[in-house]
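# Overview (structure and organization)
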Amino acid sequence: MTQTIAPRVRTLVLLILAVAGALLAGAAPVSAHAALTGSDPAQGAVVDTAPSQVSLTFSEPIAVGDDSVRVLDPKGERVDKGDPANPSGTTYSVRLVSGLPDGTYTVAYQVVSADSHPVAGAFTFSIGAPSKTTVSVSAQGSDDGLVGWLYGFGRYVSYAGFVVLAGGAAFVLACWAPGARVRAVQRLVVSGWLALTAATLGLLMLRGSYTTSGKVGDVFDLELLGDVLQTKTGAALVSRLLLLAAAALFIAVLFGAYARTADAVEPERDAEDDGGGDDGGDRGGPDKRDLTFGLALGGTVVAAGLAASWAMSEHASQGLQAGVAMPVDVVHLLAVAAWLGGMTALLVALYRAPVETPVGRDAVRRFSRLAFGSVVTLAVTGVYQSWRQLGSWSAFTDTRYGQLLLVKIALVAVMVAVAFLSRRWTRRLADARVSEAAEDAERTEAPERVEEAVRAEEAERAEEAVRAEATERAEEAVRGEEAVRAEATERAEEKQPAGTAPAEASGTSEVSEASMAIEAPKASGAEKAEAGQDSVRAAQLARQRAAAEAARRKRLRDADPNRLGLRRSVLAEAGVAVVLLAVTTVLTQTEPGRTERDARAAAATSSSASATGQGSGAVSLTMPFDTGGKNGKGVVSIDLDPAQAGDNALHVYVEGPDGTPVDVPDVKIALTLAAQNIGPLPVAPDHVTTGHWSASRVQIPMAGDWKVEVTVRTSDIDQVTVSKNAQIG
């Protein structure tokens, strides 16, 4: 049975790990959780005089450094001076050198949001009139590339380690006390501790490069490490390491003193005895109860502290109702650990627990109740977190965060369905108790019968060996006596004449004495050898009987269809849990839907304001497009200034669905005045920077209701033309 199942299990595990790896490797770059909601000058604005500073407004507080905000002239030279300042709220500014000439300037920023994620971007504004620029701002941020991938993988490992550590310990304390003696369960919990510790150290080392340059060489920069330790995220990681030291002591006591007090096999209760007196199989004396209570209390405090190290430095720490969100997030993480980690421990127990310490029906029922409570807690806290991060029903489909959340909800639903099957297998285990009791009785009687037969056989063999040994010794004694008598007779004949009586008597006496001297040591040595051989044979037989009995009991256990069904259902749950954890990791690295929608609204407002109030165009048109190909959706905006007959300046902006500037292979403009049969007049704008094209001295011959057509090409074969009318003059 084991040889048949093992290859299937290995194949399923490899498939699950491959899916989780694909989710992590194929995940989009970590999205900024603080969004740029405004700037002065605005994106794409054309101002008459050079500003004295550039101001950036974000959706939440950020952390800035010396080079967090840079302003570059058309030649790529820096024109900012001094460190960024925070004059008010979430607005940050940097001063500019005086006497800046006309042209297009690029503002590049790279900061860290309050929820620990790096934020990078760039935009342009012009003084006097737009110009060509040599600045090419890469779309890749510090969180992309190898360092970003390693940081994301470290986050996944840290979540998995916490789940296994906290959930495995909870399973032992709350559901299966004998599990503290099982080596496989011990290795599982210790592995969770090692994974969380190693991942935390790795995140601490990667953090500096992750939030700045993104270079692998900067991972070991001690100066960056010192800067990280002064941040909120660095403090959270250090606190996590300190709590892991306390967790190591907890593990030592759990698998040391507590394991020594745990029974090898917990007593089974009646199937109908399902009341509240369940204590996880811990029915020891006062000392054992005190130890269990102390471990439960201390373990809960340590686990809550570890969960708080995430809650106090990520999504929950910023935004709406942060004071409520952080405790809710801690409870949410603890419920996840109790469910997924406990399920992992149950799976290990079902497959790897020795026959001397099997996981019983009561332990499975206890975990079933624990898992049900965890799922209810997850549902309540998850609804609150979803409302807080999304804000509206439409955000489920309009934002990437909402789409990932739908995937997570679907995976949880699958897990709950599989868990329902596990509960059915658990009930069947309880229904089969009578047959199992008979089997237990047979298991108890069979070894006794075997042992009696073996003892009888050993006694018969020992008796035969003793008789044979006695016969052999007697024969040897006779032969020795004859030899001695012959030798004594020969010596007597040499000393005296033949036929004298004294010589014969003397020879007989010497023979008897020699025989006794020879027989004594032989008897002693034979008895010792016989005793040694008997003890060796008895030990060998005992080991053979124990091995045979263990193998028989394991075959009986593996052949149980109810236990086999429970194994498979729990294995399926664990497989879905691995993928669910990967989706959760990606979700924590994604910009919340509420923030994304607020940023879009602010960007639209900023674009409208710049179009009317800062001279970037008296007429501004915004048109969504969809070429039908890959990455074929977006928004194109047209600014026309001064929108009068004669010379005009035209600006074209192309943005992706998420509102970020994107480049496309080609953009063409055509102007038509149908009422006067004029046009189409083609305009070929020049590329300025990412997502920005412009054309100067665009001639519009007369006023009227002009049709503005924009042709956007996103690939060699995918293009579309969109249009709007605009009143000129």
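Heads up: these notes are all about the structure in this document. Think of each chain on its own: its residues are numbered from 1, step by step along the sequence as written. In keeping with the predicted nature of the model, local features appear solely for residues at pLDDT of at least 70, side-chain atom pairs appear and are counted solely at 80 or more, and the whole-chain, interface and lining totals rest on all residues. Note that water and hydrogens are dropped before the side-chain values are worked out from all heavy atoms of the structure.

## Description of the overall build of the chain
Numbering of helices and strands runs from the N terminus, with a helix taken as a DSSP run of H or I at least four residues long and a strand as a DSSP run of E at least two residues long. Along the backbone of the chain there are 15 helices and 18 strands. Looking at the 729 residues of the chain, the share that counts as buried comes to 44%. Whether two residues are in contact is decided by their heavy atoms: any pair within 4.5 Å suffices. Sequence-distant contacts in the chain: of pairs separated by 6 or more residues, those separated by 24 or more amount to 73%. In this description, accessible areas are obtained by the Shrake-Rupley approach with a 1.4 Å probe, and a residue is regarded as covered only by the protein chains that are shown. For the chain, the exposed surface amounts to about 35500 Å²; the carbon and sulfur share of it is 59%. Remark: exposure states derive from per-residue accessible area (1.4 Å probe, protein chains only) relative to the maximum for the residue type, with buried under 20%, exposed over 50%, and partly exposed in between.

## Examining the nonpolar core
In plain words, nonpolar cores are sets of buried Ala, Val, Leu, Ile, Met, Phe, Trp, Tyr and Cys residues tied together by side-chain atoms within 4.5 Å. Among the nonpolar cores identified, the biggest contains 72 residues, and Phe162, Leu165, Trp176 and Leu254 are the most heavily contacted of them. Top element by residues in this core is helix α8 (residues 322-352). It accounts for 14 residues. Of all hydrophobic cores here, the second largest spans 29 residues; its members include Ile638, Ile669, Ile678 and Ala695.

## Thoughts on empty space enclosed by the protein
For cavity detection a 1 Å grid was placed over the protein atoms alone, and a set of points counts as a cavity when a 1.4 Å probe fits there but cannot get out; an open set counts as a pocket when protein lies on both sides within 12 Å along at least five of seven lines, with lining residues being those that have an atom within 4 Å of a point. Grid points are joined across faces, edges and corners, and a volume is the space filled by probe spheres set on the points. Scanning the entire structure with this criterion turns up one cavity of 30 Å³ or more. Volume-wise, the largest cavity comes out at about 90 Å³. Forming the walls of the largest cavity are Ser116, Tyr151, Arg155, Ser158, Leu203, Thr233, Ala236, Leu237, Arg240, Trp310, Ser313 and Glu314. Elements represented by at least two residues in the lining of the largest cavity include exactly α2 (145-174) and α5 (232-254). Of the residues forming the lining of the largest cavity, the biggest block, four residues, is contributed by α5.

## A word on the environment of leucine 243
Within the secondary structure, leucine 243 is located in helix α5. On the basis of relative accessibility, which here comes to 23%, the residue leucine 243 falls in the partly exposed class. Excluding residues that lie within four positions of it along the chain, leucine 243 makes contacts with Val302, Gly305 and Leu306.

## A short note on the sheet that holds strand β16 (residues 692-700)
Any two strands with at least two DSSP bridges between them are considered paired. Read across the open sheet, the five strands follow the order β10-β11-β12-β16-β15; overall the sheet is antiparallel. In this open sheet, the two edge strands, each paired with only one partner strand, are β10 (619-626) and β15 (686-689). Averaged over all adjacent pairs, the angle separating strand axes in this sheet is 25 degrees, with direction ignored. For β15 and β16, the ladder comprises three bridges, and the chain directions are antiparallel. Under this scheme, a helix contributes an axis fitted over its contacting stretch, all axes are lines through C-alpha atoms, and angles between N-to-C directions fall in the 0 to 180 degree range.

## Considerations on the side chain of aspartate 329
Along the chain, the position of aspartate 329 falls in helix α8. Despite its burial, aspartate 329 remains without a salt bridge, the nearest opposite charge being carried by arginine 388 at 7.8 Å. Dropping the residues within four chain positions of it, aspartate 329 is found in contact with Ala311, Ala316 and Gln385. Positive: Lys, Arg. Negative: Asp, Glu. His and the chain ends are not part of the count. Any Lys or Arg side-chain nitrogen found within 4 Å of a carboxyl oxygen on Asp or Glu counts as a salt bridge.

## Quick look at the packing of α2 against α8
For the pair α2 and α8, the least separation of the axes is 6 Å and the interaxial angle reads 70 degrees. Classified by the interaxial angle, the pair formed by α2 and α8 is roughly perpendicular. Touching Tyr159, Phe162, Val163, Val164, Ala166, Gly167, Gly168 and Phe171 of α2 are Leu333, Leu334, Val336, Ala337, Ala338, Leu340, Gly341, Gly342, Ala345 and Leu346, all from α8. Any residue outside Ala, Val, Leu, Ile, Met, Phe, Trp, Tyr, Cys, Pro, Asp, Glu, Lys and Arg is labelled polar, Gly included; the first ten of those are nonpolar and the last four are charged. The residue makeup of the contact of α2 with α8, split by class, is 14 nonpolar, four polar and no charged. The scheme is simple: roughly parallel for angles under 35 degrees, roughly antiparallel for over 145, roughly perpendicular for 65 to 115, oblique for anything else.

## A short note on the pairing of strand β6 (residues 80-88)
As paired elements, β6 and strand β7 (residues 91-96) share four bridges and run antiparallel to each other. When the sheet's bridge partners are listed, serine 88 is paired in β7 with threonine 91. Between β6 and β7, which pair antiparallel in sequence order, lie two residues; one of them, glycine 89, sits at a positive phi of approximately 50 degrees.

## Re the sheet that holds strand β1 (residues 36-40)
Taken in spatial order, the four strands of this open sheet run β1-β3-β7-β6, and their pairing is antiparallel. Pairing within the sheet leaves two strands with one partner each, and these edge strands are β1 and β6. Neighbour-to-neighbour, the strand axes of this sheet turn through a mean angle of 20 degrees, independent of strand direction. The sheet contact formed by strand β3 (residues 53-58) and β7 spans five bridges and is antiparallel. In the strand pairing of β7, valine 54 is matched with valine 94.

## Digging into the pairing of strand β18 (residues 719-728)
The pairing of strand β17 (residues 704-713) with β18 spans 10 bridges and is antiparallel. Considered in β18, the bridge of tryptophan 706 is made with alanine 726. As consecutive antiparallel partners, β17 and β18 are separated by five residues.

## Examining the packing of aromatic side chains
Ring pairs shown here join Phe, Tyr and Trp side chains whose ring centres sit within 6.5 Å, with only the six-membered ring taken for Trp; geometry is labelled stacked below 30 degrees between planes, edge-to-face above 60, and tilted in between. Considering all chains together, one arrives at 11 aromatic pairs under this definition. Consider the rings of phenylalanine 58 and tyrosine 109, whose centres lie 5.6 Å apart with planes at 80 degrees: the pair is edge-to-face. Taken together, the residues span a long stretch of sequence, with phenylalanine 58 in strand β3 and tyrosine 109 in strand β8 (residues 103-113) at a distance of 51 residues. Owing to a relative accessible area of 3%, phenylalanine 58 belongs among the buried residues under this scheme. For tyrosine 109, a relative accessible area of 11% corresponds to the buried category. Here the aromatic rings of tyrosine 159 and tryptophan 310 are separated by 5.2 Å at their centres, their planes lie at 20 degrees, and the arrangement is stacked. Of this pair, tyrosine 159 sits in helix α2 while tryptophan 310 is found in helix α7 (residues 286-311), placing the two residues 151 residues apart along the sequence. Note on tyrosine 159: relative accessible area 8%, which makes it buried. On the accessibility criterion, tryptophan 310 (4% relative accessible area) is buried. Here a set of aromatic residues connected by ring pairs shows up, and it is made of Phe58, Tyr92 and Tyr109.

## Points about the side chain of serine 39
Among the structural elements, serine 39 can be located in strand β1. Once residues lying within four places of it in the same chain are set aside, the contact partners of serine 39 are Ser55, Leu56 and Phe123.

## Section: the pattern of salt bridges
All told, the structure shown has five salt bridges when counted by the stated rule. Across the pair arginine 78 and aspartate 80 runs a salt bridge, and its minimum N-O distance is 2.7 Å. Note that arginine 365 and aspartate 362 form a salt bridge whose closest N and O atoms lie 2.1 Å from each other. In this pair, arginine 365 and aspartate 362 are both assigned in helix α9 (residues 361-390), three residues apart and thus about one turn of the helix distant. In terms of burial, arginine 365 and aspartate 362 fall into one category: buried.

## Describing the environment of serine 386
By the element assignment, serine 386 lies in helix α9. The spacing of serine 386 and glycine 402 is 16 residues in sequence and 8.5 Å in space, taken between C-alpha atoms. Look past the residues within four positions of serine 386 in its chain and what remains in contact with it is Gly391 and Leu405.

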